[in-house]
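Next come the chains, spelled out residue by residue.
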Amino acid sequence: MFDLAFYILAVLILGSALMVVTLRNIFHCALFLVLCMFSIAGIYILLEAEFIAAVQVLIYVGAVTILMIFAVMLTHQLTGKTIRQVNDQPIAALFIISSLLVLTLLALSKTTWEVASSSGVSPSATELGRALMTVYVLPFEVVSVVLLVALVGAIVISRGD
Amino acid sequence: MPVPLGYYLGLAAIIFTVGVIGVLVRRNAIIILMSIELMLNGANLTLVAFSVHLQELSGQVFVFLVMTVAAAEAAVGLAIIVMIFRNRESVNVDNLNIMKW
Amino acid sequence: MPSDYAYVGLFLIFGVAFVLITFFFARLLRPSRPNPIKNRSYECGETAVGSAWVQYNVSYYIYALIFVIFDVELVFLFPWAAAYRSLGLFAFVEMFIFIMILVFGLAYAWRKGALKWV
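None of the values given here were measured: they were computed from a predicted structure.

What counts as what
Each chain carries its own residue numbering, running from 1 in the written order of its sequence. Whichever chain is written first is A, and whichever ligand is written first is 1; the rest continue in order. Totals for whole chains, interfaces and linings use all residues, but because this is a predicted model, local features are given only for residues with pLDDT of at least 70 and pairs of side-chain atoms are given and counted only at 80 or more. To qualify as a helix, a DSSP run of H or I must reach at least 4 residues; to qualify as a strand, a run of E must reach at least 2; elements of each kind are numbered from the N terminus. The reference for a compact globule is 2.2 Å times residues^0.38; the radius of gyration itself is calculated from the C-alpha atoms. Field definition: a residue is buried when 20 or more other C-beta atoms are found within 10 Å of its C-beta, exposed when 12 or fewer are, and partly exposed for counts in between, with C-beta atoms placed from the backbone. C-beta atoms are placed from the backbone for every residue, and two residues are taken to be in contact when these atoms lie within 7 Å. Throughout this entry, Asp, Glu, Lys and Arg are counted as charged residues, while Ala, Val, Leu, Ile, Met, Phe, Trp, Tyr, Cys and Pro are counted as nonpolar. The remaining residues, Gly among them, count as polar. To define axes, lines are fitted to C-alpha atoms, for helices over the stretch in contact only, and angles between the resulting N-to-C directions are given on a 0 to 180 degree scale. By definition in this entry, angles of less than 35 degrees are roughly parallel, angles greater than 145 are roughly antiparallel, angles of 65 to 115 are roughly perpendicular, and the rest are oblique. In this document the domain limits rely on a domain assignment from an automatic tool or a database. Each nonpolar core comprises buried Ala, Val, Leu, Ile, Met, Phe, Trp, Tyr and Cys residues, the members being joined through C-beta atoms within 7 Å.

Enquirer: I would appreciate a short explanation of the overall build of chain B in the present structure.
Expert: When its secondary structure is counted, chain B shows three helices and zero strands. When the helices and strands of chain B are listed from N to C terminus, the series reads α-α-α. Here the C-alpha radius of gyration of chain B, 17 Å, is well above what a compact globule of 101 residues would show, namely 13 Å. By residue count, 57% of the 101 residues in chain B fall in the buried class. Partitioning the intrachain contacts of chain B with sequence separation of at least 6 by distance along the chain shows that 49% fall at a separation of at least 24.

Shown next, in the form of structure tokens:
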């Protein structure tokens, strides 16, 4: 049952991710990105990280891809569909990519991963909140500064003058 | 856990690689940003898989912070791309070969 | 528990299947006689002007941007609210600082006129 769900989600993720990097129409790429992020949220649910799955849907599916679609609408070119999509060195790039994939998968299969023996309950939003408020309090406050800088910076950039 | 840890890690590695394909091969700057989001998602999946299998909370806190930074990065990056398009009428990265205009 | 989400999965499958089956039967039943007037995009009975692919104003991007930033802020409120009861005043002060820093951003956006609808 879990295996089946994992394989279905993996096929969905990889198929839509390949669509994102290969399709010619940028708008379709953005829509496949939504599908890919949504399926990754499904994988998080399989891992019993329910809160992270909800955050994935809220931030990636709800916010980041909306921003992508806005940017596609703002930069759409009428000639964009016939223009060359791939840059000058695809063969060198594919060589680097395939060696990267072989290396990571080789390292993955050669390593024996340690797994916690006790299958305790998975962390909930409450425990995540307590960790954010106590151990990770400095990163938590820095996050708000990062968001402030992003907001101010993006407004300055996109208002131009 | 019915599905072993290695499967999740393999899936994450392949997602990351697909993201690298997009960054290295495509010319459109928006597609490159989308591929960067894919790579970040691969890394997030690794962190969550380890966090769940090692019963350690900090991995999920990190994923939380990575998602925040990804949203901020997308906001600023897309603003830059939109402004470059308004100035150069192009979002192809190999047309963007001067630092000022 | 993930097995509880089987219902969500079933719901998704039925939802997608419903739409696909409806489209399939509609294709079987309907006559297909396209003409240029029928193929025009539908704009509430008005005659369509230009293409649907038009350049939008940049200020719409700024609204999307402000939405994204405060969406991320909102996501941080959920674990805080869930853990609030056991942490008390300390968590309140932390979240107060967090929100106050972001209020500066909102004030900046307001001051720059980025919130004005065009």
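Enquirer: Would you mind showing me how to read the interface of chain A and chain B here?
Expert: How large an interface is tends to be reported as the accessible area lost when its parts come together. At the junction of the two partners, chain A supplies 67 residues and chain B supplies 59 residues. Those elements giving two or more residues to the side of chain A that touches chain B turn out to be helix 1 (2-22), helix 2 (26-46), helix 3 (50-74), helix 4 (90-110), helix 5 (125-133) and helix 6 (137-159) of chain A. Looking at the side of chain A that touches chain B, its residues break down into 54 nonpolar, ten polar and three charged.

Enquirer: Teacher, can you tell me more about the environment of E73(B) here?
Expert: Residue and element names in this part refer to chain B. With respect to the helices and strands, E73 occurs in helix 3 (residues 58-88). According to the C-beta neighbour criterion, E73 is partly exposed, with 17 such atoms within 10 Å. Counting along the chain gives 37 residues from E73 to I36, while the straight-line C-alpha distance between them is 10.0 Å.

Enquirer: Quick question: what am I supposed to make of the packing of helix 5 of chain A against helix 3 (residues 58-87) of chain C here?
Expert: The packing of two helices is summarised by the inter-axis angle and the distance between the axes. It is at 7 Å that the axes of helix 5 of chain A and helix 3 of chain C come closest, and there the two elements cross at 80 degrees. With respect to their mutual orientation, helix 5 of chain A and helix 3 of chain C come out roughly perpendicular. Residue-level contacts link A125(A), T126(A), L128(A), G129(A), R130(A), L132(A) and M133(A) of helix 5 of chain A to F78(C), P79(C), W80(C), A82(C), A83(C), S86(C) and L87(C) of helix 3 of chain C. In terms of residue class, the contact of helix 5 of chain A with helix 3 of chain C is built from ten nonpolar, three polar and one charged.

Enquirer: What is the right way to look at helix 5 of chain A in this model?
Expert: One full turn of an α-helix is made of 3.6 residues, so residues set three or four places apart face in the same direction. For helix 5 of chain A, the full list of buried residues reads L128(A), G129(A), R130(A), A131(A), L132(A) and M133(A). Looking at the buried side of helix 5 of chain A, the elements it contacts are helix 3 and helix 6 of chain A, helix 3 of chain B together with helix 3 and helix 4 (89-111) of chain C.

Enquirer: Explain the domain arrangement of chain A to me, please; I cannot follow it from the model alone.
Expert: One can read the domain layout of chain A as domain 1 (1-78) and domain 2 (129-161). Computed from C-alpha coordinates alone, the two centres of domain 1 of chain A and domain 2 of chain A are separated by 24 Å.

Enquirer: What is the right way to read the nonpolar core from this model?
Expert: Nonpolar side chains in soluble globular proteins tend to end up buried together. One finds L67(A), A71(A), I30(B), A71(B) and A75(B) to be the most contacted residues of the largest nonpolar core, which totals 107 residues. The residue makeup of this core includes at least three contributed by each of domain 1 (1-78) and domain 2 (129-161) of chain A. Beyond its immediate stretch of four places on either side in the chain, L67(A) contacts A74(B), A75(B), L78(B), A64(C), L65(C) and V68(C).

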